[in-house]
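Structural features, examined
Residues per chain, in single letters:
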Amino acid sequence: MALKDVVAGVRNQEGIAAVLGILKQSFGERFQTGQSFREQHSHTTSYLPAQLPDGVVFVETSEDVKTVVKTCAAHKVPMIPFGTGSSLEGHINAPSGGISVDFTRMNKVLTVNAEDLDCTVQPGITREELNTYLRDTGLFFPIDPGANASIGGMASTRASGTNAVRYGTMKDNVLALTVVTADGEEIRTAQRARKSSAGYDLTRLFVGAEGTLGIITSITLKLQGIPAKISGGVCAFPSLKAACDTVIMTIQMGIPVARIELLDEMQMKAVNAYSKLSYPEKPTLFVEFHGTEETVALQAEQFKEIAAEFESEEFHYTANAEERAQLWKARHNAYWAGRALAPELNGLSTDVCVPISKLADCVAETQADIRETGLLAPIVGHAGDGNFHVLMLFDDKSPADLARAEAFMGRLNARALSMEGTCTGEHGIGQGKMSYLEQELGSAIPLMRSIKKSLDPENIFNPGKIFRM
């Protein structure tokens, strides 16, 4: 992240004043301008400073969204979509002020087509709410970014998470969208068919756009059958390289592992302390297999044989649902476990992604950098697709500590890019990674700006994110 990218934009004070009055009249108590509401809709789960919107509107229907967009467009006032606020790169900040569009009440399942394995939902529903709704159908939505994020937010940041190695990311699981564009009208980007050659792929354009091109009002998703059997386990290794080499061989051998997560020594120490576990504090893989009783047993045995080639310790394997839930709860709590290592410090969680063959080198060099810099920074990764996260703990009130953390961030991103990777595998750009996007795709950014200007000529959709206009 780079604090230099968190800058205040130009405020349209006259337009904002007009919009505040109109929206209050249109939405009544569903429109709030109180300080606490505004603060709740600008928080960031990082050290990036908050930039508050001028008002918050709680939408419930597509017609509500159209009303907000038409009103704001007429007065050239920014809009910032808000799901659950779990993003990490300043996506929900309002650098030019404006209106936060809160989708928490727009959280319905619109249709489920069980025969076709798809459903259509409103953007405010969270992944946990969706899977609870789907449970009786025998289907589930597999994308699991860890946080109980909204589906709209997940689509907007092109989220992925622990299941991505088997089920892909949001770009692979969104079939169609409806989106309100700058003229206040709603468009549909595609139908429910699993493939299409009909025109530009507008679905993929809006998935990952971080709310900068329009506001999503519904999402049609691919679903999966709930596996007949799920098993998983934990396996420690003598070195980080051995763990990473096990991941590479597991993927190359075609074993359809559902999750394969890497935790370094410091992260395992944090997980043990926070979740009251007693695993070896060594580089460790958390794995999970989906299928029938026979296939998951075979996959686990194949993985065990591969791990043994790299001198792994005993593979603690379980098909018990309660034990497995405890294991993945500990993994999902890795962020809070890391923060608990030094609760007096602030935390900066960041991610990069590299080709899987480069994962061991990138993580090892990053660990060496952490030691040389003197940082406290556990590492956890979605190892099956080369994506890993670093949680830097530092004193954000200390200019020296802040400079040291930001310098490390610069080296981490440069390292990933030098290995033909990306500055973010799943967090998105927001404000925090704008400088690194320039380094990664600089020659393509003018084209991105042209697309933004074409679809959002007044720059009112989540301005100040992804790149500067």
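Described below are features of the structure shown in this document. (Residues numbered from 1 in each chain as written. Predicted model: local features only at pLDDT ≥ 70, side-chain atom pairs only at ≥ 80, totals over all residues. Heavy atoms only, no water.)

**Some remarks on the sheet that holds strand S13 (residues 257–263)**
- Spatial strand order, S15-S12-S14-S13-S17-S18-S16: seven strands in an open sheet with antiparallel pairing. If you trace the sheet from one side to the other, it starts and ends with strand S15 (316–318) and strand S16 (346–353), each paired once. Shown here is a sheet whose adjacent strand axes are inclined to one another by a mean of 15°, direction ignored.
- Sheet topology places S16 next to strand S18 (residues 387–394); eight bridges connect them, and they run antiparallel. Following the sheet pairing, Asp-351 is matched in S18 by His-389.
- Across the face of the sheet, helix H10 (residues 265–275) comes into contact with S13, strand S14 (284–291) and strand S17 (379–382) while running at roughly 100° to S13.
- The sheet contacts of helix H11 (residues 293–309) involve strand S12 (229–236), S13, S14 and S15, and relative to S14 the element is tilted by about 155°. (Pairing = 2+ DSSP bridges. Helix = DSSP H or I, 4+ residues; strand = E, 2+ residues; numbered from the N terminus. Axes fitted to C-alpha atoms, helices over the stretch in contact; angles between N-to-C directions. Contact = heavy atoms within 4.5 Å.)

**Some remarks on the sheet that holds strand S1 (residues 31–32)**
- Read across the open sheet, the four strands follow the order S1-S2-S4-S3; overall the sheet is mixed. Both edges of this open sheet fall to S1 and strand S3 (79–82), since each of them pairs with a single strand only.
- Pairing between S1 and strand S2 (residues 55–58): two bridges, direction antiparallel. If you follow Phe-31 over to S2, its bridge partner there is Val-57.

**Side note on the packing of aromatic side chains**
- Following the criterion strictly, the structure yields eight aromatic pairs and no others.
- Between Phe-286 and Trp-328 the ring centres are 6.1 Å apart and the planes differ by 80°, which places this aromatic pair in the edge-to-face class. Here Trp-328 lies in helix H12 (residues 321–332) and Phe-286 lies in strand S14, a separation of 42 residues in the sequence. The same class applies to Phe-286 as to Trp-328, namely buried.
- Each residue in the set Phe-289, Phe-303, Phe-315 and Tyr-317 is aromatic and connected to the rest through ring pairs, giving one cluster.
- Taking the ring centre of Trp-328 as reference, the NZ or CZ of Arg-259 above it sits at 4.6 Å. (Phe/Tyr/Trp six-rings, centres within 6.5 Å; stacked < 30°, edge-to-face > 60°. Buried < 20%, exposed > 50% of the residue type's maximum accessible area, 1.4 Å probe, protein only. Lys NZ or Arg CZ within 6 Å of the ring centre and 35° of its normal.)

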